[in-house]
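The primary structure of each chain is shown beneath.
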Amino acid sequence: MRGLMMDVPLLVSAVLRHAAETHGETEIVSRTVEGPIHRTTYAALHERSQRLAKALLALGLGQGGRVGTLAWNGYRHLEIYYAAGGAGLVCHTINPRLFPEQIAGIIRHAEDEILCADLTFLPLLAGLAGKLGAVRAIVVMTDRAHMPPPPEGLPPLLCYEELLAAQPPGFDWPALDENTACGLCYTSGTTGMPKGVLYSHRSCVLHALGCCLPDVFELSARSVIMPAVPMFHVNAWGTPYSAPMVGAKLVLPGPKLDGASLRELILSEGVTFSAGVPTVWMGLLDWLDAQGEIAGEIAGAQGGLGALRLVGIGGSACPPVVIERLAARGVTVRHAWGMTETSPVALTSAPQAKHEGLPPRERLALSARQGRPLYGVEFRVLGADGQPVARDGVAFGRLLVRGPWVAAAYHGLEDSPAHATEPGWFDTGDVATVDADGYVCIVDRTKDVIKSGGEWISSIELENIAVSHPAVQEAAAVARPDPKWGERPLLVLVRRPGVAVTAEEIRAHFHGRVARWCIPEDIRFAEELPHTATGKLLKSRIRELYAEAMQAAGN
Ligand code: AMP
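Residues numbered from 1 in each chain as written. Predicted model: local features only at pLDDT ≥ 70, side-chain atom pairs only at ≥ 80, totals over all residues. Heavy atoms only, no water.

Our next topic: the packing of aromatic side chains. Scanning the entire structure with this criterion turns up eight aromatic pairs. With a centroid separation of 5.6 Å and an interplanar angle of 85°, the aromatic rings of Tyr82 and Tyr241 are classed as edge-to-face. One end of the pair, Tyr82, is in helix α3 (residues 75-86); the other, Tyr241, is in helix α9 (residues 239-246), with 159 residues separating them in the sequence. For the ring pair Phe396 and Trp456, a centre distance of 4.7 Å and an interplane angle of 25° mean the geometry is stacked. Remark: Trp456 occurs in strand β24 (residues 455-457) and Phe396 occurs in strand β18 (residues 396-402); sequence separation between them is 60 residues. The partly exposed category is assigned to Phe396, whose relative accessible area is 31%. For Trp456, a relative accessible area of 33% corresponds to the partly exposed category. Clustering of aromatic rings is evident, with ring pairs tying together Trp72, Phe121 and Phe232. Stacked on the ring of Tyr410, the Lys or Arg Lys195 has its end atom at 5.1 Å from the ring centre. Its guanidinium or amino end placed over the ring of Phe525, Arg495 lies 3.8 Å from that ring's centre, counting from NZ or CZ. (Phe/Tyr/Trp six-rings, centres within 6.5 Å; stacked < 30°, edge-to-face > 60°. Helix = DSSP H or I, 4+ residues; strand = E, 2+ residues; numbered from the N terminus. Buried < 20%, exposed > 50% of the residue type's maximum accessible area, 1.4 Å probe, protein only. Lys NZ or Arg CZ within 6 Å of the ring centre and 35° of its normal.)

Right, here's the structure in full:
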C-alpha cells in the first residue's frame, strides 16, 4: 500500500523560497573582494537569484548546463548556487588553489559553458586562455565600475550586475525531479586527476537537513553562521543551504581568512558558529596570542572571541591542543569528518548526556575523535578479514559509509561505482577505530599509515603529539623504509617563529604520550610544509622532498 502524502520534490529553490518568506529580513553579510562589507537579506537574495536564473537561461544554457564558479565566500556566489541549481543548471564550484593546468582540465571535463569569476581570479583565467574548452563567456562578479579590460584570448567578459539589471523581477522555479543534479565539485586529486562529485537537489537538501540536527552544529534562527570553509570546496559544508533552512544570519568572509580579519567579523557581526579546517583556527589562535593585549577580554569569559560558542573543525584531524586552546577562550570544538564524496558532513563528535560530567581530559579525548554519524549516514569499519572490527576503540580497519548524500559514482564515470569495495558501500580510503559508544576515530589515510614491525603507527597521532609541543607550529609524519622494521616514521617539523627546539627535546616530549616503539628516531626541521589545494598536508611531496631519507634507510 502506498502512502497518501504529497509528492513534493526536495529542491534547493524551495530552501531559498522558505528563507525569503519566513526569514526575509535576516541578514547576509559579505566581505567583498572590492573592499567594503556588503549587507543583504534572504528576501533580496531570493529576488536577485530569480533574476540571475533568467539571465543564465538567456545566455543559452540548456537543462543540466554547467556554470563554473571561481569565487570566494560572498553573496554573489550564493546567488549563483541558487540561480543555477534552482533553474535546473549545475553550479560547478572550482577550487582556485588547484594547479592552473588542473583547473583548466576540470573546466573542460565538466564542460562548463559559462564561468562566473570574482575579480581576483581574472589573472588566473588569463593564463588559461585557449584551454577553457566549451566556455562561451566569463561573467565577472562585479559592477560596471569595477569591470577589468578584456584579457587577450579569453571568451567575452560580461558584467554580473548588468546581467541582473537587464532582467525584470520574478521567476517561477521549475518543479524539477529531485534527483536532478544541482552542484558539481571535484575532489582534490592528490593522486591523479581530480574526480567530479555530482550533487543532486535531493542530496543537498537532505544533507542540509541532517546538518540542522541539533547535535551536529547546534544551528537555529538565533545562530550567526560564518563559514570559514570555502564555498568552492564541498559547498562550504552545506552552510549555503543549512543557514537559510533554519533562518540563521550568514556571514561570508570573502578572501580574508587570516586571524585579524576573521576576528573582526566574529566581533562585529556577533558570530556564534563557524566552521573551518584546523589551520584556520591555529592561525586565529596564534594571532590572538600574539596580540597579548586583549588581556582584559581573555581574562573574562569571552576569550576575545565575542559570542562565538561553537566551531566545527574537519578536513584534517583537529589536534587536541587546538581543542584545548579554543576551550580556554570559551569556544567548544565540534570535530567533523567528511569528504567531497559525502557532501561532506558524515560524522560529528557531539557528547552524549552521560558524558556531561566527564573530567576534562576524557572530554578532550572524546572531542578529539571524529564522532558518530548524523542520521542518514551509516558506517562500517572492516578489518583485514572483511569483518566488522571490535568496537573497542583499538582495533582498526577500513571505513565504509553509505547514505543519501554519499556519491554513488563520479561524473563521466557513471558506469563504475565510486570506490565500492563492498557492494552498496563507499570505501573512504580512511583507516579508523570505533569505540563501544560508536565514536569513530580516524587513524590515518590508508596510504599514510606507518607499518612498523607488523604494527601500525598513526601518522595523525604523531602529528598531534608533535604540535602539542609549544615550540612546534606544524608537523608531518610519513613512513620511511627501514631494513629491520619495514617502515619507521620520519617526522618533519616547522618551528614557531623565533623559538628554538632540538630533535632530542621533541623525542622527550613523546615519552609517556605514545608507546616507545612509536617514537620517531628521525626528526627533521623545515621552514614550511607543502599542502594540497584543500589545505591538507601533501604527504606525497614530503616523501619526494626527503627522498634521500627514503632511500638511505632502505639500503
Ligand atoms: P576531501 O574530499 O578533499 O575533503 O578530503 C577528505 C579526506 O579528508 C577524508 O577522507 C579524510 O582523510 C580527511 N578528513 C576529513 N575530515 C577529517 C577529520 N575530521 N579528521 C581526519 N581526517 C579528516
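After that view of the structure, there is still more to cover.
Residues in contact with the ligand amount to 17 residues; listed here are only the nearest, Ala336, Thr340, Gln370, Asp430 and Arg445. In this structure, an oxygen atom belonging to the ligand sits 3.4 Å away from a side-chain N or O atom of His233. Between Gln370 and the ligand, the recorded distance is 2.9 Å, taken from a side-chain N or O atom to a nitrogen atom. Considering every element that reaches the shell around the ligand, the biggest residue donor is strand β14 (residues 332-338), with four residues. Across the shell around the ligand, the residue classes break down as four nonpolar, ten polar and three charged. (Near = heavy atom within 4 Å. Polar contact = N/O pair within 3.5 Å; in protein donor to acceptor, adjacent residues only side chain to side chain. Nonpolar A, V, L, I, M, F, W, Y, C, P; charged D, E, K, R; others polar.)

On to the sheet that holds strand β6 (residues 137-140). Note: strands within a sheet are paired through backbone hydrogen bonds, in either parallel or antiparallel orientation. Strand order in this open sheet of seven strands is β7-β6-β5-β3-β4-β8-β9, and the pairing throughout is mixed. Two strands close off the open sheet at either side, each with one partner strand: β7 (157-159) and β9 (196-200). Across the sheet, the mean angle separating the axes of adjacent strands is 25° when strand polarity is ignored. As defined by bridge partners, β6 adjoins β7 across three bridges and the pair is classed as parallel. Bridged to Ile138 within β7 is Leu157. (Pairing = 2+ DSSP bridges. Axes fitted to C-alpha atoms, helices over the stretch in contact; angles between N-to-C directions.)

This model, assessed by the stated rule, comprises 35 salt bridges. Arg507 is the salt-bridge partner of Glu504, the closest N and O atoms lying 3.1 Å from each other. Of this pair, Glu504 and Arg507 are both found in helix α16 (residues 503-510), three residues apart, which corresponds to roughly one turn of the helix. Residue classification places Arg507 among the buried residues on the basis of a relative accessible area of 19%. (Salt bridge = Lys/Arg side-chain N within 4 Å of Asp/Glu carboxyl O.)

This paragraph deals with empty space enclosed by the protein. Applying the stated criterion across every chain yields a total of five cavities of 30 Å³ or more. Quantified by volume, the largest cavity comes out at close to 110 Å³. Surrounding the largest cavity, 14 residues form its lining, Thr32, Val33, Gly74, Tyr75 and Asp118 being those nearest its centre. Tallying contributions element by element places α3 first for the lining of the largest cavity, with three residues. Tallied by class, the residues present in the lining of the largest cavity amount to four nonpolar, six polar and four charged. (1 Å grid on protein atoms, 1.4 Å probe; cavity = no way out; pocket = protein on both sides within 12 Å on 5 of 7 lines; lining within 4 Å. Points joined across faces, edges and corners; volume = space filled by probe spheres on them.)

Glancing now at the environment of Leu115. Within the secondary structure, Leu115 sits in strand β5 (residues 112-117). Assessed through its relative accessible area of 1%, Leu115 is described here as buried. Excluding residues within four positions of it along the chain, Leu115 makes contact with Gly68, Ile94, Ile107, Leu125, Leu132, Val135, Ala137, Ile138 and Val139. (Contact = heavy atoms within 4.5 Å.)

Turning our attention to the domain arrangement of the protein. Assigned domains within the protein: domain 1 (12-202), domain 2 (257-445) and domain 3 (450-554). Relative to domain 3, the C-alpha centre of domain 1 lies at a distance of 41 Å. On the domain 3 side, the residues contacting the five residues of domain 1 number four residues. The interface formed by domain 1 and domain 3 holds one residue pair in polar contact (both at pLDDT 80 or more) in total. For the side of domain 1 that touches domain 3, the class distribution of residues is one nonpolar, three polar and one charged. (Domains from an automatic or database assignment.)

So, on to the pairing of strand β10 (residues 224-227). Here β10 shows no split at all, with Val224 and Met226 on one side and Ile225 and Pro227 on the other all buried. Judged from the two bridges that link them, β10 and strand β11 (residues 249-252) form a sheet pairing that is parallel. Considered in β11, the bridge of Ile225 is made with Leu250. Read from β10 through α9 to β11, the crossover connection turns out right-handed. In the sheet, β10 pairs with strand β12 (residues 273-276) via three bridges, with the strands oriented parallel. Within the sheet, the bridge partner assigned to Ile225 lies in β12 and is Phe273. (Right-handed = clockwise from strand over helix to strand, strands pointing away.)

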